[in-house]
Amino acid sequence: CPNRNVFLCNFYNLMDLLAALSSTPRVFTTFMPDIGNLTLMQNIRIFSPTFLLLKMLRRFEKFHLLMSAFTVAVEALPVLLYTLFVIAFGFAGLIYICEQGNIPTLLDALWLTIVTMSTVGY
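Source: prediction; values computed, not measured. (Residues numbered from 1 in each chain as written. Predicted model: local features only at pLDDT ≥ 70, side-chain atom pairs only at ≥ 80, totals over all residues. Heavy atoms only, no water.)

**Overview of the overall build of the protein**
Along the backbone of the protein there are six helices and zero strands. Each helix and strand of the protein, ordered N terminal to C terminal, gives the series α-α-α-α-α-α. By the burial criterion, 14% of the 122 residues in the protein qualify as buried. Taking contacts inside the protein between residues at least 6 apart in sequence as the whole, the part at least 24 apart equals 38%. Surface accessibility of the protein: about 10,000 Å² in total, with carbon and sulfur atoms responsible for 72%. (Helix = DSSP H or I, 4+ residues; strand = E, 2+ residues; numbered from the N terminus. Buried < 20%, exposed > 50% of the residue type's maximum accessible area, 1.4 Å probe, protein only. Contact = heavy atoms within 4.5 Å. Areas by Shrake-Rupley, 256 points an atom, 1.4 Å probe, with all protein chains shown as cover.)

Here's what the structure looks like:
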């Protein structure tokens, strides 16, 4: 690979590296169980099957489709966040104007707006 940084930043190559690194503690804890305190190695060993399964992701074409869909969604995220902030600040101003006696500052109105927008309900 001509560029190591590009190679290491690739998701699939990172999963291969994690799978290989998670196998090392597995060997140590299997063949040498009497080595001192192995809590870190044992904790890494717990996630070893997960990393090995993630290593197989490059074989699934549908996963590539899902990753490209997420890439397109991330490109649209700044516009969605901008719209969310415009709505939040607009309604915070309205609440501050309409509830002068109950809401002391514009920051409290913004907090109330954000909490109200993010509440899912019961």
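**Observations concerning a nonpolar patch on the surface**
A contiguous nonpolar patch, built from L77, L80, L81, L84, F85, I87, F89, F91, L94 and M117 and spanning about 950 Å² of accessible area, is present on the exposed surface. One can find F91 in helix α5 (residues 61-98). (Patch = residues over 30% accessible without salt bridge, like charges linked within 9 Å, V, L, I, M, F, W, Y side chains within 5 Å. Salt bridge = Lys/Arg side-chain N within 4 Å of Asp/Glu carboxyl O.)

**Here's the deal with the nonpolar core**
Formed by A88, A92, I103, A109 and L110, the largest nonpolar core amounts to five residues. The set of elements that each furnish at least two residues to this core consists of α5 and α6 (106-118). With near-sequence residues (within four places) excluded, I103 lies in contact with I95, Y96, D108, A109 and L112. (Core = buried A, V, L, I, M, F, W, Y, C linked by side-chain atoms within 4.5 Å.)

**With respect to the environment of L17**
Take L17: it is sitting in helix α2 (residues 11-31). Assessed through its relative accessible area of 38%, L17 is described here as partly exposed. Along the sequence, L17 and F51 sit 34 residues apart, while their C-alpha atoms lie 9.1 Å from each other.

**Comments concerning the packing of α5 against α6**
Viewed as axis vectors pointing N to C, α5 and α6 meet at an angle of 125°, and their least axial separation amounts to 8 Å. Regarding the angle of α5 to α6, the classification is oblique. Classified by chirality, the crossing of α6 by α5 is right-handed. In this structure, α5 uses L84, I87, A88, F89, F91, A92, G93, I95 and Y96 to contact α6, whose residues at the interface are L106, A109, L110, L112, T113 and M117. (Axes fitted to C-alpha atoms, helices over the stretch in contact; angles between N-to-C directions. Parallel < 35°, antiparallel > 145°, perpendicular 65-115°, else oblique. Left-handed = near helix turned anticlockwise from the far one by under 90°.)

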